[in-house]
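Next come the chains, spelled out residue by residue.
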Amino acid sequence: MGRTVGIDLGTTNSLVAYMDAQTGQPKCIPGPYGSTLCPSVVSLDPDGNIIVGEPARKRLLTQPERTIYSVKRLMGRGVSDIQDELKLFPFRVDVASKNVIRVQLGEKKFTAPEISSFILRELKNWAEAHFGEPVDRAVITVPAYFNDAQRQATKDAGKLAGLEVLRLVNEPTAASLAYGLHEKQRGLVAVYDLGGGTFDISILKLISTDDGDIYQVLSVNGDTHLGGDDIDNLLQAFVHEQILQHDEIDFSPHGEIAQELRKELIALKHQLSEKESATLHFPLPNGKTFEFEFTRGMLDALIRPVVDCTITPVKRALADKELKPEQMDEVVLVGGTTRTPLIRRTVQEFFGRAPHTELNPDEVVALGAAVQANILDRGVSNMLLLDVTPLSLGIETYGGAVGKIIPRNSPIPASAQEMYTTGVDNQTGIDIHVLQGERELAKDCRSLARFTLKVPPAPAGLPRIEVKFLIDANGILQVAAKDVRTGEQQQIEVRPSYGLNDAEIERMLEESIEYAEQDFAERQVIEARTEAESILIATSKALAGEQANAVPTEERAKIDGAVAALKESVAENDYKLIRKRIDELNHATMNLAEIVMNSAISTALKGKSVGEV
Amino acid sequence: MGSLEQKFLQLSWKLHPDNFVNASEEEQELSLKRSSELNDAYRTLKDPVARVEYLLEIEGERKEGEKKQQAPPELLEEVFELNESLDELREAKSAGLELDGMKARLQAAEANFGQKLAEVDTEMQATARDWDAAVDAGADDAARKKIMARLNEHLNRRSYIRNLVVSVAKELAEA
């Protein structure tokens, strides 16, 4: 069995973290570019290779039609859901997409879970390079306000990346785990989480018991379409308008220049978190430069509508448990966007206390995911997370109304039983429509699944079918039905209305996972071979030098033996064997290395007096 | 911390699926089933109304989904007035008339029925305590049935008033 990690699959950036056994604290793993943040950007190069992260982000400017960002906004959603998104984001959605959205990257089409799986796979690679061991299990975080379809899509992405998803954990809950471990907080905690594309508010109760610490989520609320991206969009729209007015240049919001401008504006936004004013210098296609001085006041005025939008869900989350802002013992800020001074000020004013910002808001969710991964990996622990379902589960009743069967903020796992019967003689099926949401009419709620209960022919009203709806610890729905008269169980496959079906997942898996399993071993072999080659070259160089004469014959024979053994292993495909032989050669050449080193030092010092050194 | 919550947390430690990630599939299934039952029970018992509903259900005094929608006699007059006001508001709205005066009257009615809802909740809690006392004292079936009937009556009254409050609030929100 491989290692288990925690992953924050974010709208803007994704991270991978693990629990460091030595320090007992979670740690984020840096990627090849030194940063722990992997931009959630995926690009398909003309040769058909998938490029993820920083290099893909660079391609946003050079190859925008082959590159996608913010794909999280498409997870678990249908074509009709994303019309607003399409106006603001350069998603090239395949018009023939029916239930599942397909996005065009160059000449290929991918679903949102597939694109997310590329990001997950990249993070998996980072972790495997870090551990030198395979990684096959993960806890992945999702916005607390994600619905069933969005959760299922995230779980599918994990599967496609070759990861067993041990648990989907809500992002604010994960953040509170990280803080709880760090600060030893107790009492009522409000977690305000403004990410790139989603906003979540969670109210938790941290309880110390004899068995350990319990993190009990009391209520969550949020908006899955509100985030830092919206701030960037406002800024961009404002500057587009300015450029149009002053320079009469109108460029498509999806083009190369727009991406360049967006990048500059994000940098400007970050500057304004640190200082009171910053100037934009932007080269225009007509050779002129657009200059504009932004003050923090201007930025605040521009983004206030977005910040104000976050307060309504906060009030709702508190009202659901009849709590008042001033009752919170702690307030925690999560998500890079919360670095914005206006947000900090607004949150502080609302709760009447200074929010915690000790942990890096970009990393805190991944750190919490690592804590939960560690808890699950070990099976039993002194920490327990009790989460809730963010949205009410309901069934469509007569006239398109919704009968709620599991109210929002119910602790999960949660279940409900409903009894069904027939309305006409010899009816053989009963249609069930499951919905999620707070509205009273089915058309205003999120359609989760439709299925038909099989009924044996009988007079109307006689059959009794008991249907059990169960929301598991991941917030995902399971349905089971039983004929009460015969005791016969019915298997019901519930796939979200906008999700991938099993056959589609199976096909995608065939395309990706199997060769990915080889991937790890292959990569390890390549890396081990490269290392073997460089050590073999260094050894033969050292042996060829005159200092090698100082090596005793017996030792020389040992080195030759180790060299031969290593060369032999390089021809094989067993990276563990190559590593072992590398270690053996390293061990055999310890004395040789010392001799070479000493000689190198004395050569360097030759002709120099001690005083010159 | 109340004893209900304490018991809930204790059992959560034992049953939560987090403890069974590495266990057999059978154990995982069982943990999912048991922890969902625990959570459902906690949810029901924590909410005073759901708790009474559940009690009446297990005592066989109330069938699932059964709700009487008759106006309690002592409220008839007020309910009649309220419905009239609601009709007037709807008519005025469709005719595009000034609504402020009618809204104020409905808001007063909303507050009035809101208060009645609070009253019936208080009464129901008192009766629930009577029930607990009767059970503790080992009261006979007849005595229990009597309390049960009162609880049932409170519950019906409550659900009727609650529907009124909700419909008024909805009408006001749309006006």
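Residues numbered from 1 in each chain as written. Chains lettered and ligands numbered in written order. Predicted model: local features only at pLDDT ≥ 70, side-chain atom pairs only at ≥ 80, totals over all residues.

Caption draft 1: Just the overall build of chain B, in detail. When its secondary structure is counted, chain B shows 6 helices and 0 strands. Secondary structure elements in chain B, listed N-terminal to C-terminal, are α-α-α-α-α-α. A compact globule built from 175 residues would reach a C-alpha radius of gyration of about 16 Å, whereas chain B, at 22 Å, exceeds it by more than 25%. Considered along the principal axes of its C-alpha atoms, chain B spans approximately 70 × 45 × 30 Å. Of all intrachain contacts in chain B linking residues separated by at least 6 positions in sequence, the fraction that spans at least 24 positions is 63%. (Helix = DSSP H or I, 4+ residues; strand = E, 2+ residues; numbered from the N terminus. Rg over C-alpha atoms; globule rule 2.2 N^0.38 Å. Contact = placed C-beta atoms within 7 Å.)

Caption draft 2: Structural context of the sheet that holds strand β26 (residues 489–491) of chain A. Read across the sheet, 4 strands follow the order β21-β24-β25-β26 (chain A) without closing on themselves; strand pairing throughout is antiparallel. Each end of this open sheet is capped by a strand with a single partner; those strands are β21 (414–420) and β26 of chain A. Across this sheet, the average inter-strand angle for adjacent strands is 25°, counted without regard to direction. As defined by bridge partners, strand β24 (residues 465–471) of chain A adjoins strand β25 (residues 477–483) of chain A across 7 bridges and the pair is classed as antiparallel. Note on β25(A): the bridge partner recorded for A:L470 is A:Q478. Taken strand by strand, helix α2 (residues 25–46) of chain B contacts β21 and β24 of chain A, and its axis lies near 85° from that of β21(A). (Pairing = 2+ DSSP bridges. Axes fitted to C-alpha atoms, helices over the stretch in contact; angles between N-to-C directions.)

Caption draft 3: View of the interface of chain B and chain A. Across the contact, 16 residues belong to chain B and 21 residues belong to chain A. Elements supplying a minimum of two residues to the side of chain B that touches chain A: α1 (3–15) and α2 of chain B. Here the element with the most residues in the side of chain B that touches chain A is α2(B); it accounts for 7 residues. In terms of residue class, the side of chain B that touches chain A is made up of 6 nonpolar, 7 polar and 3 charged. (Nonpolar A, V, L, I, M, F, W, Y, C, P; charged D, E, K, R; others polar.)

Caption draft 4: Layout of the pairing of strand β8 (residues 102–105) of chain A. Of the strand pairs in this sheet, β8(A) and strand β9 (residues 108–111) of chain A are connected by 4 bridges, and their pairing is antiparallel. What sits directly across from A:V103, in β9(A), is A:F110.

Caption draft 5: Just the pairing of strand β15 (residues 277–283) of chain A, in detail. All names here are of chain A. Examined bridge by bridge, β15 and strand β16 (residues 289–295) share 7 bridges and lie antiparallel to one another. By the bridge assignment for β16, F282 is matched with F290. Counting the residues between successive antiparallel strands, the hairpin from β15 to β16 contains 5 residues, one of them, G287, with a positive phi of roughly 95°.

Caption draft 6: Layout of unusual backbone geometry. Here the amide bond leading from A:I412 into A:P413 is cis, since omega sits at 0°, within 30 degrees of zero. Located in the positive-phi region is A:E322, a residue other than glycine, with phi close to 50°.

Caption draft 7: Examining α2(B) more closely. The terminal C-alpha atoms of α2(B) lie 31 Å apart, and with 22 residues this matches the ideal 32 Å at 1.5 Å per residue to within 8%. When α2(B) is considered as a whole, its buried residues turn out to be B:S31, B:L32, B:S35, B:S36, B:L38, B:N39 and B:Y42. Viewed along the axis of α2(B), the buried residues span an arc of 160°, placing them on a single side of the element. Contact partners of the buried residues in α2(B): β21 and β24 of chain A together with α1 of chain B. (Expected span 1.5 Å × (residues − 1). Buried ≥ 20, exposed ≤ 12 C-beta atoms within 10 Å, placed from the backbone. Arc of directions from axis to C-beta.)

Caption draft 8: Up close: the packing of helix α6 (residues 228–247) of chain A against helix α8 (residues 296–320) of chain A. All names here are of chain A. Two elements in contact, α6 and α8, have axes whose closest approach is 9 Å; the angle formed by their N-to-C orientations is 145°. Of the two elements, α6 crosses α8, and the hand of that crossing is right-handed. Note on element contacts: α8 touches α6 through L302, I303 and V306, opposite D230, I231, L234, L235 and F238. When its residues are assigned to classes, the contact of α6 with α8 shows 7 nonpolar, no polar and 1 charged. (Left-handed = near helix turned anticlockwise from the far one by under 90°.)

Caption draft 9: A look at the sheet that holds strand β7 (residues 67–69) of chain A. All names here are of chain A. Pairing in this open sheet of 3 strands is antiparallel, and the strands run β6-β5-β7 from one edge to the other. On the outer flanks of this sheet lie β6 (50–52) and β7, each paired with one strand and no other. Between one strand axis and the next, the sheet turns through 20° on average, direction left out of account. In the sheet, strand β5 (residues 41–44) pairs with β6 via 3 bridges, with the strands oriented antiparallel. Residue L44 lies in a different strand from β6, and its bridge partner there is I50. Taken strand by strand, helix α1 (residues 54–62) contacts β5, β6 and β7, and its axis lies near 70° from that of β5. Where helix α3 (residues 112–131) meets the sheet, its contacts fall on β5, β6 and β7, and the angle it forms with β6 comes to roughly 65°.

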